[in-house]
Amino acid sequence: MSAAACTAGKPPLLLTLVHTCAAVLAAACLLGTLWHGLDERGTALAFGVLVAVGELTRWTGAEGREAAPLGAAAALSYALLGEDAGQPTHHGVLQVGAVVLAASLLGSVPHIARGRPVLDHLARRVLTVGFAAVCFQPLYNQGTFQGWGPGYALLLLAILVLTALCDALLAAALAHSRTRWPLGPLLRDELRATLGIGSAVCATGAVMALAVAVVGLWALPLFSLPLLLTQMSLRRHAAVRTTYRQTIASLARATEIAGYTPAGHARRVAALSREVGRDLGLSEAELTVLEYAALMHDIGQLSLVDPVPAGATAELPVEEQRRIALLGGAVVRQTGVHPQVAMVVERLADPCPEQPVAARIVRAVNAYEEKARDAGPGGPLKALEELRLGTAGDYAPEVVGSLARVLSRDCLTWPVVG
């Protein structure tokens, strides 16, 4: 059972607020455009097609983030479009919102048909594009930017940077509302992601708007190509990472296939460890190391002559735990996995104050899973209480506290049912 399934129910207030604001803005844009009509229909159609194509090629990027860089760049470019081949445009904020919304909905049809969630993505798109258009279109239509020269390009970049920051804040707020993970670390990870593909989107959006102002709509396909190539490269990188993770998960199942650990144990420990790591504010890179170490935390048992009953290493003497941990670290190093993963596995049996945070988390979560899985309906509570009593030396108090918070908000039995 996932965290999302456990926390489902009445939508959080912040989530409802964001969706309501996006819906109100979208309705105002559509009604206003229908009332006043569509200006520069050829230009609107060209940008709408580009936004729709970008949405059609939307994909789930690193750490599960939805990525549609071409659609985002085209939408922002239209919001910041002043002239078209030297001729001033007259579309305003409402038309920008209507065109982007209609194109985004059209491009999202295949994703909706596949059952993929699109509501948060569309809400972010409407609100961020609306913000950029509000910052630019009214002032441009009043002639404020005439004679700015190079300062005009700097203005576009400044608006795009502010828009990117708003989008990162919205993404973090929506993720916080849906998952209840801490807002600060989520915002930090979103800002780091913005420095990557987000900077390319901002630069492309500004260049598109400036190029169309000079040479017309022929600039759109020309300046879309680099972003498409970047997107293809990122998708290939994400595919490699997915294959890499699947390989590690397959290696971790070796202990289950050999009968050393119960089926699904490594997967449950890894999933819950990642939740605890998020609650403690670990970055995405740290969460990846944590997840890989949790998947492979028992792999040292393959070197044992006699299997540990039910693979329950938490009850073994400390020296035996340390021996298994060192054997596991040696195995991990031979697989070519990142050295930090091997280091975490090797230090699972170290004294708690000397362990890195990832090792503390895996140790506590592994012990919880072992204690809770065969203890019946009251097993989770009993296991958590045993961990609390062990915080004097075996388990880090902050990790046990975080584990309690995660279990409390995620139905308590989440890691046991698999």
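Since this is a predicted model, take the numbers as computed values, not measurements. Going along each chain's sequence as written, the residues are numbered from 1 onward. Restriction of local features to residues with pLDDT of at least 70 applies here, the model being predicted, together with a cutoff of 80 or more for giving and counting side-chain atom pairs; totals for whole chains, interfaces and linings are based on all residues. In computing side-chain properties, one takes all heavy atoms of the structure into account and sets aside hydrogens as well as water.

This part takes up the overall build of the protein. The secondary structure content of the protein amounts to 18 helices and 4 strands. By its C-alpha atoms, the protein is 80 × 45 × 40 Å across when sized along the principal axes. A buried classification covers 50% of the 418 residues belonging to the protein. Residues count as neighbours in contact if any of their non-hydrogen atoms are within 4.5 Å of one another. Of the contacts formed within the protein by residues at least 6 apart in sequence, a portion of 72% connects residues at least 24 apart. A residue counts as positive if it is Lys or Arg and as negative if it is Asp or Glu; His and the chain ends are not included. The atoms used to mark charge sites are NZ of Lys, CZ of Arg, CG of Asp and CD of Glu. For the protein, the centre of its 33 positive side-chain charges and the centre of its 33 negative side-chain charges are spaced 3 Å apart. By the criteria applied, helices consist of DSSP H or I runs no shorter than four residues and strands consist of E runs no shorter than two, each listed in order from the N terminus. With a 1.4 Å probe rolled over the protein chains alone, any residue whose accessible area is under 20% of its type maximum counts as buried; one over 50% counts as exposed, and the rest are partly exposed.

Quick look at the side chain of D279 now. Relative to the elements of secondary structure, D279 occurs in helix α11 (residues 265-279). Discounting residues that sit within four places of it in the chain, D279 has contacts with P182, S402, R405, V406 and R409.

Here, nonpolar core means buried Ala, Val, Leu, Ile, Met, Phe, Trp, Tyr and Cys residues that are tied together by side-chain atoms lying within 4.5 Å of each other. Counting residues in each nonpolar core, the largest one holds 48 residues, and the members touching the most others are L272, V276, V332, Y368 and L403. Among the elements of the structure, α9 (219-252), α11, α12 (284-295), α13 (318-335), α14 (339-346), α15 (357-372), α16 (379-389) and α17 (397-409) are those that each provide at least two residues to this core. Counting 42 residues, the second-largest nonpolar core is a separate cluster that includes L50, V51, Y78 and L156.

Model confidence for the protein is summarised by a mean pLDDT of 84, while 91% of its residues fall at 70 or above. A residue's pLDDT is the confidence the predictor assigns to it, expressed on a 0 to 100 scale. Confidence over residues 1-9 falls short of pLDDT 50; this stretch has 16 contacts with residues more than four positions distant or in other chains. Within the model, the stretch residues 412-418 combines pLDDT values under 50 with 26 contacts to residues more than four positions away or in other chains.

Our focus in this paragraph is empty space enclosed by the protein. Computed over the protein atoms alone on a 1 Å grid, cavities are sets of points where a 1.4 Å probe fits but cannot get out and pockets are open sets with protein on both sides within 12 Å along at least five of seven lines; a residue lines them when it has an atom within 4 Å of a point. Grid points are joined across faces, edges and corners, and a volume is the space filled by probe spheres set on the points. Here the structure, examined in full by the defined rule, presents 1 cavity of 30 Å³ or more. Taken together, W181, P182, P185, L186, D189, R278 and L282 make up the lining of the largest cavity. Considering each element in turn, the lining of the largest cavity owes the most residues, 3 residues, to helix α8 (residues 183-215). Side-chain classes are defined by residue name, with Ala, Val, Leu, Ile, Met, Phe, Trp, Tyr, Cys and Pro counting as nonpolar, Asp, Glu, Lys and Arg as charged, and the others, Gly among them, as polar. Among the residues making up the lining of the largest cavity, the classes are represented as 5 nonpolar, no polar and 2 charged.

Think of it this way: side chains of opposite charge can pair up when their charged atoms draw near. Criterion for a salt bridge: a side-chain nitrogen of Lys or Arg within 4 Å of a carboxyl oxygen of Asp or Glu. Here the structure, examined in full by the defined rule, presents 19 salt bridges. Linked by salt bridges that have partners in common, R245, R274, R278, E284 and E291 make up one network.

Here the expected length of a helix is defined as 1.5 Å per residue gap, with one fewer gap than residues. When the terminal C-alpha atoms of α17 are compared, their 19 Å separation across 13 residues agrees well with the 18 Å that a helix rising 1.5 Å per residue should span. Of all the residues in α17, the buried ones are V399, V400, S402, L403, A404, V406, L407 and R409.

Relative to each other, α15 and α17 sit at 55°, their axes nearing to 10 Å. By the criterion of interaxial angle, the relationship of α15 to α17 is oblique. Of the two possible hands of crossing, α15 and α17 adopt the one that is right-handed. Taken together, the residues of α17 that come into contact with α15 (itself represented by R360, I361, A364, V365 and Y368) are E398, V399, L403 and L407. Of the residues belonging to the contact of α15 with α17, the class tally is 7 nonpolar, no polar and 2 charged. Fitting a line to C-alpha atoms yields each axis, with helices limited to the stretch in contact; the angle taken between N-to-C directions then spans 0 to 180 degrees. Angular relationships are summarised with four words: roughly parallel below 35 degrees, roughly antiparallel beyond 145, roughly perpendicular across 65 to 115, and oblique for the angles in between. Whether a crossing is left-handed or right-handed is set by the direction in which the near helix is turned from the far one by less than a right angle, anticlockwise for left-handed and clockwise for right-handed.

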